[in-house]
Amino acid sequence: MYELAPNIELLFTEAGDYHDRVRAAAAAGFTAVEMWGPTGADAPATPKDLPALKAALEETGTKLTAQLSEPRTQFMIPPWDHSEFYRKLDEGVAIAQDLGCPRIVVGSGTGFGGWKRQVQLDKLIEIYQKAIAQIDGSGITLALEPVNVRVDHPGSLLDRTAEAVYVARGVDSPCFGVLYDIYHSAVEGEDMRAELANAGDLIVYVQLADAPGRGEPGSGDLDWAERLGILRSSGYDGPIGLEYYPTQESAASVVLIRELAVSA
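Residues numbered from 1 in each chain as written. Predicted model: local features only at pLDDT ≥ 70, side-chain atom pairs only at ≥ 80, totals over all residues. Heavy atoms only, no water.

## Brief notes about the pairing of strand 6 (residues 141-144)
How we decide: A 1.4 Å probe rolled over the protein chains alone gives each residue an accessible area, and that area as a share of the maximum for its type sets the label: buried under 20%, exposed over 50%, partly exposed in between. Each helix is a run of H or I in the DSSP string that is no shorter than four residues. Each strand is a run of E no shorter than two, and both are numbered from the N terminus. Handedness of a crossover: with both strands directed away from the viewer, a clockwise path from the first strand across the helix to the second marks it as right-handed. Note on pairing: two strands pair once DSSP finds at least 2 bridges between them.
In strand 6, alternate side chains face the same way, and those of Thr-141 and Ala-143 on one face and Leu-142 and Leu-144 on the other are all buried. Handedness of the β-α-β unit built from strand 5 (residues 103-106), helix 4 (residues 117-134) and strand 6 comes out right-handed. One ladder, built from three bridges, connects strand 6 with strand 7 (residues 176-181); its direction is parallel. Looking at the pairing, Leu-144 lines up with Val-178 of strand 7. Read as a crossover between parallel neighbours, the route from strand 6 over helix 5 (residues 161-171) to strand 7 is right-handed.

## Details of the packing of aromatic side chains
Put simply, the rule reads: Ring pairs shown here join Phe, Tyr and Trp side chains whose ring centres sit within 6.5 Å, with only the six-membered ring taken for Trp; geometry is labelled stacked below 30 degrees between planes, edge-to-face above 60, and tilted in between.
Considering all chains together, one arrives at 10 aromatic pairs under this definition. Judged by centre distance (5.3 Å) and plane angle (65 degrees), the rings of Phe-85 and Tyr-86 are edge-to-face. An identical accessibility class is assigned to Phe-85 and Tyr-86; each is buried. Centroid distance Phe-85 to Tyr-128: 6.0 Å. Interplanar angle 85 degrees. Geometry classified as edge-to-face. Taken together, the residues Phe-85 in helix 3 (residues 83-99) and Tyr-128 in helix 4 connect sequence positions 43 residues apart. In this structure, Phe-85 and Tyr-128 share a single accessibility class: buried.

## Focus: the packing of helix 5 against helix 7 (residues 192-199)
For clarity, the threshold we go by: Note on geometry: axes are C-alpha line fits, over the in-contact stretch for helices, and angles between N-to-C directions span 0 to 180 degrees. Roughly parallel here means an angle under 35 degrees, roughly antiparallel means over 145, roughly perpendicular means 65 to 115, and every remaining angle is called oblique. When checking whether two residues touch, look at their non-hydrogen atoms; a contact exists if any pair is within 4.5 Å. Polar here means any residue other than Ala, Val, Leu, Ile, Met, Phe, Trp, Tyr, Cys and Pro, which are nonpolar, and Asp, Glu, Lys and Arg, which are charged; Gly is therefore polar.
Where helix 5 meets helix 7, the closest approach of the two axes is 10 Å, and the angle between their N-to-C directions is 5 degrees. If you check the angle between helix 5 and helix 7, you find them roughly parallel. Side by side, helix 5 and helix 7 meet where Thr-161, Ala-162, Val-165 and Arg-169 of the first sit next to Glu-195, Asn-198 and Ala-199 of the second. Residues of the contact of helix 5 with helix 7, tallied by class, amount to three nonpolar, two polar and two charged.

## A word on the side chain of Glu-190
Stated formally: For the purpose of counting charges, residues Lys and Arg are taken to be positive, whereas Asp and Glu are taken to be negative. His and the chain ends are not included. Within this document, salt bridges are pairs made up of a side-chain nitrogen of Lys or Arg and a carboxyl oxygen of Asp or Glu, the two lying within 4 Å of each other. In protein, a polar contact means a hydrogen-donor-capable atom and an acceptor-capable atom, both N or O and within 3.5 Å, with residues adjacent in sequence counting only if both atoms are side-chain atoms; elsewhere, any N or O pair within 3.5 Å suffices.
Relative to the assigned elements, Glu-190 resides in the loop between helix 6 (182-187) and helix 7. For the buried Glu-190, no salt bridge exists, and the shortest N-O distance to an oppositely charged side chain is 6.9 Å, to Arg-160. At a separation of 2.6 Å, a polar atom in the side chain of Glu-190 contacts the side chain of Ser-185. When neighbours within four sequence positions are excluded, Glu-190 is seen to be in contact with Asp-159, Arg-160, Thr-161, Tyr-180, Ser-185 and Glu-195.

## Describing helix 1 (residues 18-27)
The criterion, for reference: The directions considered for the arc are those from the helix axis to the C-beta atoms.
Those residues of helix 1 that sit buried are Tyr-18, His-19, Arg-21, Val-22 and Ala-25. End-on view of helix 1: buried residues confined to an arc of 155 degrees, all on one side of the axis. Against strand 2 (32-33) and helix 2 (50-60) lie the buried residues of helix 1.

## Some thoughts on the environment of Trp-80
By the element assignment, Trp-80 lies in the loop between strand 4 (67-68) and helix 3. Among all residues touching Trp-80, those that are not within four sequence positions of it are Phe-75, Phe-112 and Trp-115. A polar contact is formed between the side chain of Trp-80 and the backbone oxygen of Met-76, at a distance of 2.8 Å.

## Considerations on the pattern of salt bridges
In this structure the tally under the stated criterion is 15 salt bridges. Between Glu-3 and Lys-63 there is a salt bridge; the shortest N-O distance is 3.0 Å. Residue Glu-3 is located in the segment before strand 1 (4-6), and its partner Lys-63 is located in strand 3 (residues 63-64); the two are separated by 60 residues in the primary sequence. Residue classification places Glu-3 among the partly exposed residues on the basis of a relative accessible area of 23%. Taking the shortest distance from any N to any O, the salt bridge between Lys-48 and Glu-9 comes out at 2.8 Å.

## Structural notes on the side chain of His-82
Secondary-structure assignment places His-82 in the loop between strand 4 and helix 3. From its side chain, His-82 meets the backbone oxygen of Phe-75 in a polar contact 2.9 Å long.

## Details of the sheet that holds strand 5
Pairing is parallel in the open sheet, where seven strands are placed in the order 1-9-8-7-6-5-4. Each of the sheet's edge strands pairs with one partner strand only, and the pair in question is strand 1 and strand 4. Inspection of the sheet shows strand 5 paired to strand 6 by four bridges, in the parallel sense. Each bridged residue has a counterpart across the sheet, and for Arg-103 the counterpart in strand 6 is Thr-141. Its contacts with the sheet put helix 4 on strand 5, strand 6 and strand 7, and the angle it makes with strand 6 is roughly 160 degrees.

In C-alpha cells:
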C-alpha cells in the first residue's frame, strides 16, 4: 500500500488554516501530508505559522513528506545571482529539520534563450552540486522536479523527466534525486514506464494529479490502477503527494485514489 500525502495548500482547505488542515487530513485517516514553501500560498508574503503547524503534526502523529524551496529562483536568467537561493536554502533546511520533513523540492526556473539547452543543464548540475555541498550532513534530500510547459509552466527549462535524471546523475549525490510527477509527465506525453525505467533509483518522490485538468484521480482520463501498477513495478515504494486541485469536497476527492493505493 502506498502512503498518500495530501497537499495542504490544495486539500482540506475547508478546515481553515494550515495546522487545521493537518488535523483534518489526520481525521480523514491520512498519516502524511505535504506542503509548498514555508510562506503561505493563500497569502504568499505571509509566513506560515510554523509552530502551530509543528504542533499539529506532532499532536496527530502526521509526517510532512515534502516542502518547496524558496524562492523559486530563475537560475538561468541574467544576472545569474543565486545568492538568495543559497541563503534561503539554509533557512529551508532548518525549517525542514524542525518539522521532520526529509525532502525539499527544487526546480530549474525559466530557460534562457541565449544559451544552448545542454549548457543550461550542465549549469544546473553545478548549481546543485554547490547546494548539496552546502547542506551536507543535514539529512535533507533535494528532489528536482521537471514540470510541463504545455499547460502549467510555459518557458520552464526542465520539462522532461530524462533531463532531470541527467542532472541528478551529474550531481551524483545520495541526497539529490528526481521528483516524478505523474501529471506533468502525462501532459508532456511521456511514456511513464520508459521514464521510470531510465530513472531507476533516482526517483526520490512522486506526486500526482489527473490529466487533463489537474484535478483528483477520476476527474480526467488517466487509468490510475495502471499508473500505480507501473509505479510499483518500477520499484518505487515511497510516499505519493496528492498535489491536485479538487473539483469536489476534499474528503470526497480522495476516495478513488485511496481505494487504489490499498492494493497497489
